[in-house]
Amino acid sequence: MAHPDWNGRIALITGASSGIGAAAARRLAAEGLTVALAARRADRLSALAVDICAAGGRALPFPCDLGDPSSRAMLAERVQNQLGPVDVLFNNAGLGWYGYFEKMPWDTAADMLALNVNAVVHLTRLFLEPMRARGSGHIVNMGSLTGALPVQGAAIYGASKAFLESFTASVHRELAGTPVHISLIRAGAVRTDFFDTTSAQPGGQKLPGERGAVSVERVVNALWSLLQRPRRIVFVPWTVRFVPWAEMLAGWLMDRVGPALLKRG
């Protein structure tokens, strides 16, 4: 049943065509929100919107190249014109790659920075000001344990997530005492097609860690928990809260073991 406090509110979800984004869209729609679905794959967005509406929810697809600044600006305008003010922005879209940095094609690195960093900052900027003016709103950024633990093979990806950790914390402190919130989900490996898409990138290797991945439902539950009780960061699973300590106390061990793990991959 729809949650009465959220019925009729608007949520924009990026990377909504699959994985965490699609699951989040279904959950927020079930809680009563109208969900705007943004990603490149228009066919998947349309199919998801049909499924959500058939289940009694409200969803509209907004196909968009999130790596392009003009497309992001157009997305913000279209969503607000068609649906109204956005109450929740879930910056979920991201691109991964695993392997030796010197073998990473520059186009892949540039695309990753454009999506993992530029898109998040730009969309946050586009929606934060109207949220402040309106006096309500919540932005949630999708982070990763690699943002707090440098991992061989994920130099650009991990750095992009480290940026999100710092960016989110800084803006969170700027918003202290206001009714507008920004949060980060720091997640470990999640069971999605991210593993397949990462290894399919040019020059990439198979991403390790799939065996220990958590379900998308656990991430979606964390998202809903943040919306119910806003705070700066939530951890999925809870053990990733200790990741920074692992780097401080045992980074020297990873310096020795990490290269062997990458070679084996």
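Check the entry above for the structure.
Residues numbered from 1 in each chain as written. Predicted model: local features only at pLDDT ≥ 70, side-chain atom pairs only at ≥ 80, totals over all residues. Heavy atoms only, no water.

What about the pairing of strand E4 (residues 88–91)?
1) Next: Burial along E4 is two-sided: the face carrying Val88 and Phe90 and the face carrying Leu89 and Asn91 are both buried.
2) Next: Bridge analysis of strand E1 (residues 10–14) against E4 gives three bridges, and the strand direction is parallel. Bridged to Ala11 within E4 is Val88.
3) Next: Here four bridges tie E4 to strand E5 (residues 137–142), and the two strands are oriented parallel to one another. Bridge pairing in E5 links Phe90 to Val140.
4) Next: A crossover connection joins E4 to the parallel E5 through helix H4 (residues 106–134); in handedness this β-α-β unit is right-handed. (Buried < 20%, exposed > 50% of the residue type's maximum accessible area, 1.4 Å probe, protein only. Helix = DSSP H or I, 4+ residues; strand = E, 2+ residues; numbered from the N terminus. Pairing = 2+ DSSP bridges. Right-handed = clockwise from strand over helix to strand, strands pointing away.)

Regarding helix H2 (residues 42–54)
1) Next: Between its first and last C-alpha, H2 extends 18 Å over 13 residues, near the 18 Å set by a 1.5 Å rise per residue.
2) Next: For H2, the elements touching its buried residues are helix H1 (19–30), strand E2 (34–39) and strand E3 (58–63).
3) Next: Trailing H2 by a residue or two, Gly56 shows a phi angle of about 100 degrees, which is positive. (Expected span 1.5 Å × (residues − 1). Contact = heavy atoms within 4.5 Å.)

A short note on the packing of aromatic side chains
1) Next: Taken as a whole and judged by the stated rule, the model has three aromatic pairs.
2) Next: Ring geometry for Trp6 versus Trp224: centroids 5.8 Å apart, planes at 55 degrees, classification tilted. Residue Trp6 is found in the segment before E1, and its partner Trp224 is found in helix H7 (residues 216–228); the two are separated by 218 residues along the sequence.
3) Next: In this structure Trp6 comes out as buried when scored by relative accessible area, which is 8%.
4) Next: The ring of Trp6 is capped by Arg9, whose NZ or CZ atom sits 4.6 Å from the centre of that ring. (Phe/Tyr/Trp six-rings, centres within 6.5 Å; stacked < 30°, edge-to-face > 60°. Lys NZ or Arg CZ within 6 Å of the ring centre and 35° of its normal.)

Re the packing of H4 against helix H5 (residues 155–174)
1) Next: As a packed pair, H4 and H5 sit with axes 9 Å apart at the nearest point and diverge in direction by 15 degrees. The pairing of H4 with H5 is recorded here as roughly parallel in orientation. Here H4 and H5 pass one another in a crossing that is right-handed. The segment H4 lies against H5, with Ala109, Met112, Leu113, Asn116, Val117, Val120, Val121, Thr124, Leu128 and Arg132 engaging Ile156, Tyr157, Ser160, Phe163, Leu164, Phe167, Val171 and Glu174.
2) Next: Across the contact of H4 with H5, the residue classes break down as 13 nonpolar, three polar and two charged. (Axes fitted to C-alpha atoms, helices over the stretch in contact; angles between N-to-C directions. Parallel < 35°, antiparallel > 145°, perpendicular 65-115°, else oblique. Left-handed = near helix turned anticlockwise from the far one by under 90°. Nonpolar A, V, L, I, M, F, W, Y, C, P; charged D, E, K, R; others polar.)

Side note on the nonpolar core
1) Next: Counting residues in each nonpolar core, the largest one holds 38 residues, and the members touching the most others are Ile13, Leu28, Val35, Leu37, Phe90 and Ile185.
2) Next: In terms of residues, this core owes the most to one element, H7, which gives eight residues.
3) Next: Residues contacting Val35, with those up to four places away along its chain left out, are Ala11, Ile13, Ala25, Leu28, Ala29, Ile52, Arg58, Ala59 and Leu60.
4) Next: Of all hydrophobic cores here, the second largest spans 33 residues; its members include Ala154, Tyr157, Phe167 and Val171. (Core = buried A, V, L, I, M, F, W, Y, C linked by side-chain atoms within 4.5 Å.)

Brief notes about the sheet that holds E3
Two modes of strand pairing occur in sheets, parallel and antiparallel, and in both the strands are linked by backbone hydrogen bonds.
1) Next: In spatial order, the strands read E3-E2-E1-E4-E5-E6-E7; together these seven strands make up an open sheet with parallel pairing. Sheet topology places E3 and strand E7 (233–236) at the edges, where each strand pairs with a single neighbour. Each neighbouring strand pair of the sheet contributes to a mean axis angle of 15 degrees, computed without reference to strand direction.
2) Next: In the packing of H1 onto the sheet, the strands contacted are E1, E2, E3, E4 and E5, and the crossing angle to E1 comes to about 170 degrees.

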